[in-house]
Amino acid sequence: MKKTTVYDCSIVELSQHHSDRKGNISVVENGKTVPFNVKRTYYLYDIPGGEERGAHAHKELHQLIIAASGSFDVTLNDGNVKRTFMLNRPYQGLYVVPGMWRELNNFSSGAVCLVLASDIYDEADYIRDYREFLEYKFSENS
Ligand code: TYD
């Protein structure tokens, strides 16, 4: 188990291909843009105003979180330190290492939260109880 901290998480600039007035393309490539292989992609949308998502941690999963449209805040918490990232550019992603409690909120109208993940869905990888998360991080560091 890794002793991950919020400082292991960072904004990744994605490549941007401009097509003048025809719009833009941004690309994520395995191992090049992100230090993991992408095995799953999912996206959150139609999020009602004032709603919060997340409120869990993953034991092993790496993720890249992108505001594909609109904006929202992601607060990461390693049990000691919290960092909030405002995502509002489709050419930036937030790389989230395992062992981070995350909360997503302040979704703008029409926001789309695109997530690239290092593994397929596995409920056993989730920690959904905050106290359990703190115990997990504490035992990790002992
Ligand atoms: P969850 O990860 O808890 O959503 P959020 O953190 O955005 O609030 O997932 C919500 C529900 O969707 C949960 O019942 C499990 C299901 N789900 C899948 O079946 N597969 C997936 O890949 C994901 C991400 C969620």
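Residues numbered from 1 in each chain as written. Predicted model: local features only at pLDDT ≥ 70, side-chain atom pairs only at ≥ 80, totals over all residues. Heavy atoms only, no water.

(A) Representation of the overall build of the chain. A tally of regular secondary structure across the chain gives one helix and 12 strands. Starting at the N terminus, the α and β elements of the chain follow one another as β-β-β-β-β-β-β-β-β-β-β-β-α. Taking 142 residues into account, the globule formula puts the C-alpha radius of gyration at 14 Å, and the chain, at 15 Å, falls close to it. Over its C-alpha atoms, taken along the principal directions, the chain stretches across nearly 55 × 35 × 25 Å. Across the chain, every contact between residues at least 6 apart in sequence was considered, and the portion connecting residues at least 24 apart equals 77%. With an accessible surface of roughly 8,300 Å², the chain has 47% of that area assigned to carbon and sulfur atoms. Put simply, the chain has 16 plus and 19 minus side-chain charges, and the middle of one group is 5 Å from the middle of the other. (Helix = DSSP H or I, 4+ residues; strand = E, 2+ residues; numbered from the N terminus. Rg over C-alpha atoms; globule rule 2.2 N^0.38 Å. Contact = heavy atoms within 4.5 Å. Areas by Shrake-Rupley, 256 points an atom, 1.4 Å probe, with all protein chains shown as cover. Lys, Arg positive; Asp, Glu negative; His and termini not counted. Charge placed at Lys NZ, Arg CZ, Asp CG, Glu CD.)

(B) A look at the site of the ligand. Inspection of the region around the ligand gives Arg40, Tyr42, Leu44, Arg53, Gly54, His56, Tyr121, Tyr126 and Arg128 as its neighbouring residues. At 3.2 Å, a backbone N or O of glycine 54 approaches an oxygen atom of the ligand. Of all the secondary structure elements, the ones that give two or more residues to the shell around the ligand are strand S4 (40–44) and strand S5 (53–58). Its residues assigned to classes, the shell around the ligand shows four nonpolar, two polar and three charged. (Near = heavy atom within 4 Å. Polar contact = N/O pair within 3.5 Å; in protein donor to acceptor, adjacent residues only side chain to side chain. Nonpolar A, V, L, I, M, F, W, Y, C, P; charged D, E, K, R; others polar.)

(C) Representation of the sheet that holds strand S1 (residues 10–13). With respect to topology, five strands assemble into an open sheet ordered S1-S9-S6-S11-S4, the strand pairing being antiparallel. Two strands close off the open sheet at either side, each with one partner strand: S1 and S4. Going from strand to strand, the sheet's axes swing by 25° on average, the running direction of each strand aside. Inspection of the sheet shows strand S6 (residues 63–69) paired to strand S11 (residues 112–117) by six bridges, in the antiparallel sense. Bridge pairing links glutamine 63 to alanine 117 in S11. (Pairing = 2+ DSSP bridges. Axes fitted to C-alpha atoms, helices over the stretch in contact; angles between N-to-C directions.)

(D) How the structure looks around the sheet that holds strand S10 (residues 101–105). Within the open sheet, the five strands sit side by side as S8-S7-S10-S5-S12. Their pairing is antiparallel. Lying at the two open borders of the sheet, with one neighbouring strand each, are strand S8 (82–87) and strand S12 (126–127). In terms of strand pairing, strand S7 (residues 72–77) meets S8 through six bridges, oriented antiparallel. Note that in S8 the partner of threonine 75 across the bridge is threonine 84.

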